Amino acid sequence: MSGFIKVFADNVSVAGQTDYKGRQERKVTVAYSGTQGASSVFTAFLVDSDGNEYPLSGVRVSGDLDMITSAKPGEVVEYTKPSGLTMRVKFTKPSGGTVSAKATLM
């Protein structure tokens, strides 16, 4: 089964956030990356219809397998986005370069 791509950030040099508002439950695998030497912190949330944010834990599948609530460039994290909720990825202002966050949604 093939998925589709959602770009949360693409070579950005400023802090920001991006939402994925899909209606269905989805498995979301996000590859966080950056230019050499870039650092930033990515944090995922679920957002309800009232705009309330709830931290979203994911499974880091790159390096040491672990449950995490924030990620850095070079990590790949799998999340489950329930139906009816929005997934939001926030990222801090990168230092030392630009960062990206690109997801495959199944």
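Residues numbered from 1 in each chain as written. Predicted model: local features only at pLDDT ≥ 70, side-chain atom pairs only at ≥ 80, totals over all residues. Heavy atoms only, no water.

**Student:** Would you take a moment to explain the side chain of Asp 48 for this structure?
**Tutor:** One can find Asp 48 in the loop between β4 (42–47) and β5 (53–55). One buried charged residue, Asp 48, forms no salt bridge at all, with the nearest opposite charge on Arg 88 at 8.8 Å. Side-chain polar atoms of Asp 48 contact the backbone nitrogen of Asn 52, separated by 2.9 Å. Apart from the residues lying within four places of it in its own chain, the contact partners of Asp 48 are Tyr 54 and Leu 85. (Helix = DSSP H or I, 4+ residues; strand = E, 2+ residues; numbered from the N terminus. Buried < 20%, exposed > 50% of the residue type's maximum accessible area, 1.4 Å probe, protein only. Lys, Arg positive; Asp, Glu negative; His and termini not counted. Salt bridge = Lys/Arg side-chain N within 4 Å of Asp/Glu carboxyl O. Polar contact = N/O pair within 3.5 Å; in protein donor to acceptor, adjacent residues only side chain to side chain. Contact = heavy atoms within 4.5 Å.)

**Student:** For this particular structure, what's the right way to read the environment of Asn 11?
**Tutor:** Secondary-structure assignment places Asn 11 in strand β1 (residues 4–12). The class of Asn 11 is exposed, set by a relative accessible area of 52%. A sequence separation of 89 residues divides Asn 11 from Ser 100, and the C-alpha atoms of the two residues are 5.1 Å apart. Excluding anything up to four places from it in sequence, Asn 11 contacts Thr 98, Val 99 and Ser 100.

**Student:** Teacher, can you tell me more about the packing of aromatic side chains here?
**Tutor:** Note on aromatic pairs: each is described by the distance of the centres and the angle between the planes. As enumerated under the stated definition, the model contains three aromatic pairs in all. In textbook terms, an aromatic cluster arises when at least three aromatic residues are bridged by ring pairs, as seen for Tyr 32, Phe 42 and Phe 91. In this structure, Lys 6 packs its charged tip against the face of Phe 8, placed 5.7 Å from the ring centre. The ring of Phe 45 carries Lys 90 above its face, with NZ or CZ at 5.1 Å from the centroid. (Phe/Tyr/Trp six-rings, centres within 6.5 Å; stacked < 30°, edge-to-face > 60°. Lys NZ or Arg CZ within 6 Å of the ring centre and 35° of its normal.)

**Student:** Even after reading the chapter, I still don't get the sheet that holds strand β3 (residues 26–34), so can you show me in this structure?
**Tutor:** Backbone-to-backbone hydrogen bonds join strands into a sheet, with any given pair of strands oriented parallel or antiparallel. Reading across from one edge, β1-β11-β3-β9-β6-β7 is the order of the six strands in this open sheet, with antiparallel pairing throughout. Since the sheet does not close on itself, it has two edges, and those belong to β1 and β7 (66–68), each with one partner. Shown here is a sheet whose adjacent strand axes are inclined to one another by a mean of 25°, direction ignored. For β1 and strand β11 (residues 99–105), the ladder comprises six bridges, and the chain directions are antiparallel. The residue of β11 that forms the bridge with Val 7 is Lys 102. (Pairing = 2+ DSSP bridges. Axes fitted to C-alpha atoms, helices over the stretch in contact; angles between N-to-C directions.)

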